Amino acid sequence: MPAKLSVNINKIATLRNSRGGDNPSVLQAAINCQKFGADGITVHPRPDERHIRYSDVREIKSIITTEFNIEGNPVEDKFVQLVLEVKPTQVTLVPDAPGQLTSNHGWDTIAKADYLREIISVFKKAGIRVSIFVDPIEAMVAAAADTGTDRVELYTESYAKHYHTNKHTAIADYVKAAKVAEIKQLGLNAGHDLDMHNLKFFAQSIPNLAEVSIGHALISDAIYLGLENVIQLYKRQLQ
Ligand code: PXP
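Now for a quick tour of the structure. Per chain, residues are indexed from 1 in the order of the written sequence. Residues qualify for local features only when their pLDDT is at least 70, as the model is predicted, and side-chain atom pairs are given and counted only at 80 or more; totals for whole chains, interfaces and linings, by contrast, use all residues. Note that water and hydrogens are dropped before the side-chain values are worked out from all heavy atoms of the structure.

Let us now look at the sheet that holds strand 8 (residues 209-214). Taken in spatial order, the eight strands close into a barrel running 1-2-3-4-5-6-7-8, and their pairing is parallel. Sheet twist, expressed as the average angle between the axes of neighbouring strands with direction ignored, equals 25°. By the bridge criterion, four bridges tie strand 2 (residues 40-43) to strand 3 (residues 67-72) in an arrangement that is parallel. Counted as the bridge partner of G40 is E67 from strand 3. The sheet contacts of helix 8 (residues 167-183) involve strand 6 (151-155) and strand 7 (187-191), and relative to strand 6 the element is tilted by about 175°. Only strands joined by at least two bridges in the DSSP assignment are considered to pair. Each helix is a run of DSSP H or I of at least 4 residues and each strand a run of E of at least 2, with the numbering of both proceeding from the N terminus. To get an axis, a line is fitted to the C-alpha atoms, and for a helix only the part in contact is used. The angle between two axes follows their N-to-C directions and goes from 0 to 180 degrees. Throughout, a residue-residue contact means that at least one pair of heavy atoms, one from each residue, lies within 4.5 Å.

Locating A111 in the fold gives a position in the loop between strand 4 (90-93) and helix 5 (113-125). According to the relative accessible area criterion, A111 is exposed, its value standing at 62%. Spatially, the C-alpha atoms of A111 and M140 are 9.9 Å apart, while their sequence positions differ by 29 residues. Three exposure classes are used, based on accessible area relative to the maximum for each residue type with a 1.4 Å probe and protein chains only: buried under 20%, partly exposed in between, and exposed over 50%.

The salt bridge criterion pairs a side-chain nitrogen of Lys or Arg with a carboxyl oxygen of Asp or Glu, the two atoms within 4 Å. The final tally for this structure, using the stated rule, is eleven salt bridges. As a salt-bridge pair, R58 and E85 come within 2.8 Å of each other at their nearest N and O atoms. Here R58, found in helix 3 (residues 54-61), pairs with E85, found in helix 4 (residues 77-86); they are 27 residues apart in sequence, far enough to count as distant. A salt bridge links R117 to D114; the nearest nitrogen and oxygen atoms lie 3.0 Å apart. Remark: D114 and R117 occur in helix 5; sequence separation between them is three residues, near one turn of the helix. On the accessibility criterion, D114 (58% relative accessible area) is exposed. Through salt bridges with shared partners, a single ionic network connects K4, E67, R129, R151 and E211.

With six of six residues buried, strand 3 is to be regarded as a mostly interior element. What you see with strand 3 is no split at all: E67, N69 and E71 on one side and F68, I70 and G72 on the other are buried throughout. When the strands point away from the viewer and the connection leading from the first strand across the helix to the second strand turns clockwise, the crossover is called right-handed. In this fold, the crossover linking strand 2 to strand 3 by way of helix 3 has right-handed handedness. As judged from the four bridges shared by strand 3 and strand 4, these two strands associate in the parallel manner. Each residue of the ladder has a partner; that of G72, found in strand 4, is L93.

We now examine the site of the ligand. The environment of the ligand is formed by 15 residues, the closest being S103, E153, D193, G215 and H216. Taking E153, its side chain carries an N or O atom lying 2.6 Å from a nitrogen atom of the ligand. Values of accessible area rely on a 1.4 Å probe in the Shrake-Rupley scheme; residue burial ignores everything except the protein chains shown. Relative to its free-state accessible area of 400 Å², the ligand is covered by the protein chains to the extent of 94%. Under the convention adopted here, Pro, Cys and the residues Ala, Val, Leu, Ile, Met, Phe, Trp and Tyr are nonpolar, Asp, Glu, Lys and Arg are charged, and Gly plus all remaining residues are polar. For the shell around the ligand, the class distribution of residues is three nonpolar, nine polar and three charged. Throughout, the term near means that a residue has one or more heavy atoms lying within 4 Å of the molecule or strand in question. Pairs of N or O atoms within 3.5 Å make up the polar contacts considered here, provided that, within protein, one atom can donate a hydrogen while the other can accept it, and that residues adjacent in sequence are counted only when both atoms are side-chain atoms.

This is the structure:
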């Protein structure tokens, strides 16, 4: 079974918010991603709603035909209430600070074990699959298993950063972390900075990979690959 591709559509919201209206529509983007083969839609509402808004999350839920994954930090009570109301397929818990540009580290599953166990049980009681964001460190994955989480999401920034220098060195910690997840019977997701170049080797090297969530590079590639078509369509209007 190939790993599932969940498309993170936060960047569509960022573009929309820059003009105030509803263009591009995140709802339409979600519908199209599913129509074109995405296995899921990911959103990461942040407390200041600077990209995906809480109202977007509620609207997207109504058109989901695949898997819906909501990411965020559960220290925000507003976030917990939103997830419990929307009941997505999966919630991915990320320890990001409110104003952070993007997620930049995983949970310390040893120091935060009690907190994680408690909050994970809240989501699991509501029937929501839980994944927690972790760095590719064997001890962090092993301790994640004691929190009751269903899955871990490996933070792939370091893999992506070092891929072009030496892909074998870049993947080494991930292979080890993935083995621990398999032994502990944890599902395995991955995300951050994955792109068209580094994705194949990652998926080939991690046989138990269940899902990747990709936003920035995929939406950027959609712009590059779509430009030729769109420019021709606009030129046609001028003829
Ligand atoms: N996983 C998590 C936890 C994230 O915070 C993000 C970015 O919002 C991603 C995956 C996707 O990263 P990228 O946009 O670099 O593909």
